[in-house]
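# A closer look at the structure
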Amino acid sequence: MNEKSKKAAALKYKQGEDRAPKVIAKGSGFIAERIIQIAREHNIPLHEDKNLVEVLSTLDLYEEIPPELYRAVAEILAFIYKISGKM
């Protein structure tokens with residue numbers, strides 16, 4: 001995948017505060033690289049899923065993910081909680 005076609009999206013979710021995760025950043029090319037760089041600098045776990053990032057890229061910033069994405073995002077959150085020891 002070349003740099004121009006690389007895409008990234010960042011989600012934010014606060015349990016007990018948010019109804020669903022929200023897209024807080026998205027972009028392709030340089031913006032995608034910057035999203036990934038910032039996540040790494042802050043030790044934020046990364047997960048690669050080309051299909052999911054395509055769908056998330058269609059959402060507006062600060063828009064909650066739609067119910068049809070709950071399962072996919074829940075699986076990612078469970079994976080992240082497991083590797084970070086928060087389960």
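Below, the structure is looked at part by part. (Residues numbered from 1 in each chain as written. Predicted model: local features only at pLDDT ≥ 70, side-chain atom pairs only at ≥ 80, totals over all residues. Heavy atoms only, no water.)

### Observations regarding the pattern of salt bridges
Note that side chains of opposite charge can pair when their charged atoms are close. This structure, assessed with the given rule, holds four salt bridges. Its salt-bridge partner being Lys6, residue Glu33 comes within 3.2 Å of it at the nearest N-O pair. Of the two residues, Glu33 is situated in helix α1 (residues 30–41) and Lys6 in the segment before β1 (7–12); the sequence distance between them amounts to 27 residues. Residue classification places Glu33 among the partly exposed positions, given a relative accessible area of 26%. A salt bridge links Glu54 to Lys7; the nearest nitrogen and oxygen atoms lie 3.2 Å apart. With Glu54 in helix α2 (residues 50–56) and Lys7 in strand β1, this pair connects stretches of sequence that are 47 residues apart. Note on Glu54: relative accessible area 40%, which makes it partly exposed. What makes Lys7 partly exposed here is its relative accessible area of 34%. (Salt bridge = Lys/Arg side-chain N within 4 Å of Asp/Glu carboxyl O. Helix = DSSP H or I, 4+ residues; strand = E, 2+ residues; numbered from the N terminus. Buried < 20%, exposed > 50% of the residue type's maximum accessible area, 1.4 Å probe, protein only.)

### So, the side chain of Asp18
Turning to its location among the elements, Asp18 is positioned in the loop between β1 and β2 (22–28). The residues touching Asp18, leaving out its near neighbours within four places in the chain, are Lys12 and Tyr13. (Contact = heavy atoms within 4.5 Å.)

### Here's the deal with unusual backbone geometry
In the Ramachandran plot, Asn43 falls in the positive-phi region, its phi being about 55 degrees despite a non-glycine side chain. With respect to the helices, strands and loops of the structure, Asn43 is situated in the loop between α1 and α2. Of note, Tyr62 is a non-glycine position whose phi angle comes to about 65 degrees, a positive value. Relative to the elements of secondary structure, Tyr62 occurs in the loop between α2 and α3 (70–84). Taking relative accessible area as the criterion, Tyr62 reaches 57% and is therefore assigned exposed.

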